[in-house]
Amino acid sequence: MALHRSENRIEHGGFRDLLSYLRAGDVLVLNNSKVIPARLRAVNAATGGAFEVLLLEEKSTNDWWVMMRPAKRARVGTELTLLNLRGERTEISATVIDTNPEGHRRLRFHQRALGILPSSDFNISDALLDLGQLPLPPYIKREQLTSDDHTRYQTIYAHEHGSVAAPTAGLHFTKQLLEDIQARGVHVFQVTLHVGLGTFAPVKAERVEEHTMHHERFHVPADVAEMVNAAKREQRRVIAVGTTSVRVLESVAREHDGEIIPGTGRTNIFIYPPYCFRVVDALITNFHLPRSTLLMLVSAFASPRETSGRELILNAYRQAIRDRYRFFSYGDAMLIL
């Protein structure tokens, strides 16, 4: 679906039709974060009680905020033993060291070298392939992941490990399509934003501005900053693939008076109507859940002068439902121009 904001007009087609909307000189910005096997299993080291653990945010090496089930049995001080993919106990353990008001737990991971002393060079991130599974969204009801999930739930250009959910707008791209886009004179660049669960958390606050976003780590390479700044000076379009790419660019621009500065940081930017976008001129995104910060972001982006972006988006969603578009992570795409 292509939504022309200024004309309040919608067109329908296949994703490959994206080529017809791009022009030489455009800058297409992708998020190259890769989903890690963030869903783990563990047992209470003392009682053997079972836990499910979902990694949420890395604070430092071996120090993570996580979601646990059952959370009430994971009190501060609880010692866990992690299980491998075969359900066997490993020498990797974790200690609950903190909790927060949302019910999440903070774990410190460690490994026993020779079963006696803690290993100083251990990093839980290096062990995840033997311990974890990809965290597919909860609305995908599947007991066991298939071999397809491990490729389908990653973009073809993903290579920076760190997300606990896929930047799903990028799932539509193929290697051939990206080559065809570049052949048209479109500049394709990559930033990194490691997606956390907070991106998908529903807004429950009475007032939208009271909703708190979780921080997420990002990186902007020097060549991306140079190209995006040049495009803005020359009035060429910057097209973001996914709300995560939007959040990287707009976060940096907000902090640097509209300029994109290379570097690494953390952002909890929350974009909702009304919002003045400094960098992004067009957006490729999926169809999002109700009451989500993602739906609010696209509503803010869809808002031209004198028109409600929320109404434009809701009208587009009504058409999508009528025409049997697929929603959410493995769903169809929308191009907002």
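The present account deals with the structure reproduced in this document.

Cut-offs used in this document
- Residues numbered from 1 in each chain as written.
- Predicted model: local features only at pLDDT ≥ 70, side-chain atom pairs only at ≥ 80, totals over all residues.
- Heavy atoms only, no water.
- Pairing = 2+ DSSP bridges.
- Helix = DSSP H or I, 4+ residues; strand = E, 2+ residues; numbered from the N terminus.
- Axes fitted to C-alpha atoms, helices over the stretch in contact; angles between N-to-C directions.
- Contact = heavy atoms within 4.5 Å.
- Buried < 20%, exposed > 50% of the residue type's maximum accessible area, 1.4 Å probe, protein only.

## Concerning the sheet that holds strand E14 (residues 216–220)
If you walk across this open sheet you meet the 9 strands as E2-E1-E18-E17-E15-E3-E13-E14-E16, and the pairing is mixed. Both outer strands of the open sheet, strand E2 (9–11) and strand E16 (263–267), are each paired with one neighbouring strand and no more. Here the strands of the sheet are splayed against their neighbours by 25° on average, with no regard to which way each runs. Pairing geometry for strand E13 (residues 187–193) and E14, over 2 bridges, is antiparallel. In the sheet register, Leu193 faces E14, and the bridge partner there is Phe218. With respect to the sheet, helix H5 (residues 243–255) is in contact with strand E3 (27–31), E13, E14, strand E15 (238–241), E16 and strand E17 (282–286), its orientation differing from that of E13 by roughly 85°. Across the sheet, helix H6 (residues 293–301) lies against E17 and strand E18 (333–336), angled at about 150° from E17, the strand it touches most.

## Concerning unusual backbone geometry
Cis geometry is found at the peptide bond from Arg69 to Pro70, where omega equals -5°. Between Pro273 and the following residue, Pro274, the backbone shows a cis peptide bond with an omega angle of -10°. The backbone of Gln235 sits at a positive phi, close to 60°, despite the residue not being glycine. Position of Gln235 among the secondary structure elements: in the loop between helix H4 (222–233) and E15. At Phe328, a position not held by glycine, the phi torsion is positive, near 75°. With relative accessibility at 26%, the residue Phe328 sits in the partly exposed group.

Everything listed here is a matter of coordinates, which is why it stays silent on function.
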